[in-house]
Every structure is written in C-alpha cells, then in structure tokens.
Amino acid sequence: MSFDLVVLAVEPSATADDVRQMADHCTSMNHRDGELDQRIVSFYGELRARFPDHPPYDPESPWMSQPLAVGIDHVSMHITYSPRGNAAVDVVLGLAERHGLVIYDPQFDEVFGLHPKSHRTY
C-alpha cells in the first residue's frame, strides 16, 4: 500500500482551489518551463539528503517510485505505508513548513500549509 503527496511552491495569495489546480497540472505530463523555485530546490536537496531517491536504491527507502517527480515548482512523492514512510512524512512536513511550501494530499483532497493573511486593526 502507498499514498501520494505533492509539495508545491505557491504564491502567498493562493487558495486551496489554486493549490488543487496546480497539483493537477504538476502531476500531469505537461510540466511548466521556467526558472526553478529556490524553495523547491532547497526542499528537495534536504529531502534527498535524508531519503535518497537516486541509485543505488536503498531497500529501506520510503519511496515507492524513484526518482521523485520534480518540477520547477513541485515535488511529487509516492510513499509507502510503513514506519519508514511515516518518518519520511514527518520530514516532508517539517521541510515544507521551513521552506514556505504547501502540501497537497490527493487521497483526501486536503491542502496543508496555506496561511491566511493576518489583518491588523489600528
């Protein structure tokens, strides 16, 4: 058994619907061209340092599909349901928060990491 997560570099004004549309586009075969989002570059570099996704493949890897699907603005992961998968999810959540990224869970159609703008009244 496995599940998917998509980590996305979205604009601060993005809504949950924007995230869903972006995730749909990113997981299709038509990836966007352009400059790499440095948040994704940093996230992916740190994630790979913890859980490599290139040969030689570790039999204890949390990834069900390797290498991970990476674009200029996203990283898509197919993760095993297991203790090693749980450890990877914890790392993904922490790194995404640290780098200001949003996570989309397509199994439950949930978006994590969107922060509503705070409004100050004076």
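The residue numbers shown here count from 1 along each chain, following its written sequence. Per-residue local features are limited, in this predicted model, to residues with pLDDT of at least 70; the limit for side-chain atom pairs, both in listing and counting, is 80 or more; totals at the level of whole chains, interfaces and linings are taken over all residues. Side-chain figures throughout are based on the complete set of non-hydrogen atoms in the structure, without hydrogens or water.

## Here we look at the pattern of salt bridges
- Every case where a carboxyl oxygen of Asp or Glu lies within 4 Å of a side-chain nitrogen of Lys or Arg is listed as a salt bridge. Applying the stated criterion across every chain, the model contains six salt bridges.
- Between Asp17 and Arg20 there is a salt bridge, and its shortest N-O distance comes to 3.2 Å. Placement of the pair is Asp17 and Arg20 together in helix H1 (residues 16-26), with a separation of three residues, close to one helical turn.
- Any residue under 20% of the maximum accessible area for its type is buried, any over 50% is exposed, and the rest in between are partly exposed; the area is computed with a 1.4 Å probe on protein chains only. In this structure Arg20 comes out as partly exposed when scored by relative accessible area, which is 22%. Each helix is a run of H or I in the DSSP string that is no shorter than four residues. Each strand is a run of E no shorter than two, and both are numbered from the N terminus.

## What about the packing of aromatic side chains?
- Working definition: a ring pair exists when centres of Phe, Tyr or Trp rings (six-membered ring for Trp) sit within 6.5 Å. Plane angles under 30 degrees give stacked, over 60 give edge-to-face, the rest tilted. Applying the stated criterion across every chain, the model contains two aromatic pairs.
- Between Phe3 and Tyr81 the ring centres are 4.9 Å apart and the planes differ by 45°, which places this aromatic pair in the tilted class. You can see Phe3 sitting in strand S1 (residues 2-8) and its partner Tyr81 sitting in the loop between strand S3 (74-80) and helix H3 (83-98), a full 78 residues away along the chain.
- For Phe3, a relative accessible area of 12% translates into the label buried.

## What to know about the nonpolar core
- Residue types Ala, Val, Leu, Ile, Met, Phe, Trp, Tyr and Cys, when buried and joined through side-chain atoms within 4.5 Å, form a set referred to as a nonpolar core. Leu5, Val7, Phe43, Leu47, Trp63, Met77 and Val92 are the most contacted members of the largest nonpolar core, which has 22 residues in total.
- Here the element with the most residues in this core is H3; it accounts for six residues.
- In this description, contact between two residues means that some pair of their heavy atoms is separated by no more than 4.5 Å. What Val7 contacts, discounting residues up to four positions off in sequence, is Ile40, Phe43, Asp73, His74, Val75, Met77, Val92, Ala96, Leu101, Val102 and Ile103.
- Val6, Met22, Cys26 and Val102 belong to the second largest nonpolar core, which has 10 residues in total.

## A word on the pairing of strand S4 (residues 102-105)
- Burial along S4 is two-sided: the face carrying Val102 and Tyr104 and the face carrying Ile103 and Asp105 are both buried.
- A strand pair is defined by DSSP finding two or more bridges across the two strands. For S1 and S4, the ladder comprises three bridges, and the chain directions are antiparallel. The residue of S4 that forms the bridge with Leu8 is Val102.
- Across three bridges, S4 lies against strand S5 (residues 110-112) in antiparallel orientation. Opposite Ile103, over in S5, you have Phe112 as the bridge partner.

## Structural notes on helix H2 (residues 38-50)
- Expected helix span is given by 1.5 Å per residue-to-residue step, counting one fewer step than there are residues. Here H2 is 13 residues long and its end C-alpha atoms lie 19 Å apart, about the 18 Å a rise of 1.5 Å per residue gives.
- Along H2, the residues classified as buried are Ile40, Phe43, Tyr44 and Leu47. Looking straight down H2, one finds its buried side chains confined to an arc of 95°; they lie on one side. Facing away from the buried side of H2 by over 90 degrees, the exposed positions are Gln38 and Ala49.
- Packed against the buried residues of H2 are S1, strand S2 (69-71), S3 and H3.
- Taking the backbone nitrogen of Arg39 as reference, a side-chain oxygen 2.8 Å away marks Asp37 as the first, capping residue of H2. By definition, the arc is the one covered by directions from the helix axis to the C-beta atoms. Each polar contact in these results corresponds to two N or O atoms within 3.5 Å; when the atoms are within protein, one needs to be able to donate a hydrogen and the other to accept it, and residues that are neighboring in sequence are counted only if both atoms are side-chain atoms.

## Observations concerning the sheet that holds S5
- Strand order across the open sheet formed by five strands is S2-S3-S1-S4-S5, with antiparallel pairing between neighbours. Here the strands that pair on one side only, and so sit at the sheet edges, are S2 and S5. With strand direction ignored, the average angle separating the axes of adjacent strands in the sheet is 20°.
- Pairing between S2 and S3: three bridges, direction antiparallel. Within the sheet, the bridge partner assigned to Ala69 lies in S3 and is Ser76.
- Helix axes are fitted only over the stretch in contact, all axes being lines through C-alpha atoms; the angle between N-to-C directions runs from 0 to 180 degrees. Lying on the sheet, H2 is in contact with S1, S2 and S3; it crosses S3 at an angle near 30°.

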